Amino acid sequence: ETKPRIYVACLASYNSGILHGAWFDASSDVDEMQAAIDAVIKSSPVPDAEEWAFHDYEGMGRLEEYEDLDTIAETIAAYEEYEQGPVEAYHAIQWEWNESHFQDSFVGEVEDYQCDKDAWLVEQFMDCLHLTGSDREFFEKWADEEKIAREMGWDYTFVSGDDGTAYIFRDC
């Protein structure tokens, strides 16, 4: 995994045809990120530079040109708490980070979206039935797993990650 980094550009320089900016590590510390931005503006070759924008990033799911530093810090803190994959998957279906909703809705992941999704859904269904032993074996033998997976799928959202992992969220 690539460490989340952001490229901040001095807009006075950019508008004067000069590329001036720097990469800095995204952090859960707003003051640390603000200091990196201030250093870029202070070292600008254009006098009285004030404005800046994010022109690139890596190791993060998405970033707006004028993203609020508090939002970035919150996202990085979520990466540290829950790992980056599930957080980025959550951002793919919910624009705003909501930790409580994430905790309520994130139920897990499967390694291979194409192969494991239906099996995971059938397993959830079987767990709901609380069948054991020969009762479970009988049901598994005769159950239409394709239909079960299709019906159970209405209650979950699967978000495919870059590596093929599917992150699973309960619709709530």
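Residues numbered from 1 in each chain as written. Predicted model: local features only at pLDDT ≥ 70, side-chain atom pairs only at ≥ 80, totals over all residues. Heavy atoms only, no water.

**Q** How would you sum up the overall build of the protein chain? Please name residues and give values.
**A** Broken down by element type, the protein chain carries eight helices and six strands. Going from the N terminus to the C terminus, the protein chain shows its helices and strands as β-α-β-α-β-α-α-α-β-α-α-α-β-β. A compact globule built from 172 residues should have a C-alpha radius of gyration of about 16 Å, whereas the protein chain, at 23 Å, is more than 25% larger. With respect to the principal axes defined by its C-alpha atoms, the protein chain has extents near 80 × 25 × 25 Å. Relative to its full complement of 172 residues, the protein chain shows a buried share of 37%. Long-range pairs, those at least 24 residues apart, make up 56% of the contacts in the protein chain between residues at least 6 apart in sequence. On the protein chain, roughly 10,600 Å² of surface is accessible, and the fraction owed to carbon and sulfur atoms is 45%. (Helix = DSSP H or I, 4+ residues; strand = E, 2+ residues; numbered from the N terminus. Rg over C-alpha atoms; globule rule 2.2 N^0.38 Å. Buried < 20%, exposed > 50% of the residue type's maximum accessible area, 1.4 Å probe, protein only. Contact = heavy atoms within 4.5 Å. Areas by Shrake-Rupley, 256 points an atom, 1.4 Å probe, with all protein chains shown as cover.)

**Q** For the pairing of strand β1 (residues 5-10), give the residues involved together with the corresponding values.
**A** Counting buried residues in β1 gives five out of six residues, a clear majority hidden from the surface. Looking at chain direction, β1 and strand β2 (residues 21-25) are connected through five bridges and run antiparallel. Across the sheet, residue I6 finds its bridge partner in β2, namely F24. In this sheet, strand β3 (residues 52-58) lies alongside β1 in antiparallel orientation, the contact comprising six bridges. Residue pairing for β3: I6 is matched across the bridge by Y57. (Pairing = 2+ DSSP bridges.)

**Q** Any details on the sheet that holds β2? Residues and values, ideally.
**A** Sheet strands pair via backbone hydrogen bonds, and the direction of the pair is either parallel or antiparallel. Across the sheet, three strands lie side by side as β2-β1-β3; this open sheet has antiparallel pairing. Each of the sheet's edge strands pairs with one partner strand only, and the pair in question is β2 and β3. Averaged over all pairs of adjacent strands, the angle between their axes in this sheet comes to 25°, without regard to strand direction. Along the sheet, helix α2 (residues 30-42) makes contact with β1, β2 and β3, crossing β2 at roughly 165°. (Axes fitted to C-alpha atoms, helices over the stretch in contact; angles between N-to-C directions.)

**Q** Any details on unusual backbone geometry? Residues and values, ideally.
**A** Backbone geometry places D48, a non-glycine residue, at a positive phi of 60°. Note that D48 resides in the loop between α2 and β3. At H130, a position not held by glycine, the phi torsion is positive, near 60°. Position of H130 relative to the elements: it lies in the loop between α6 (113-129) and α7 (133-142). For H130, a relative accessible area of 67% gives the class exposed.

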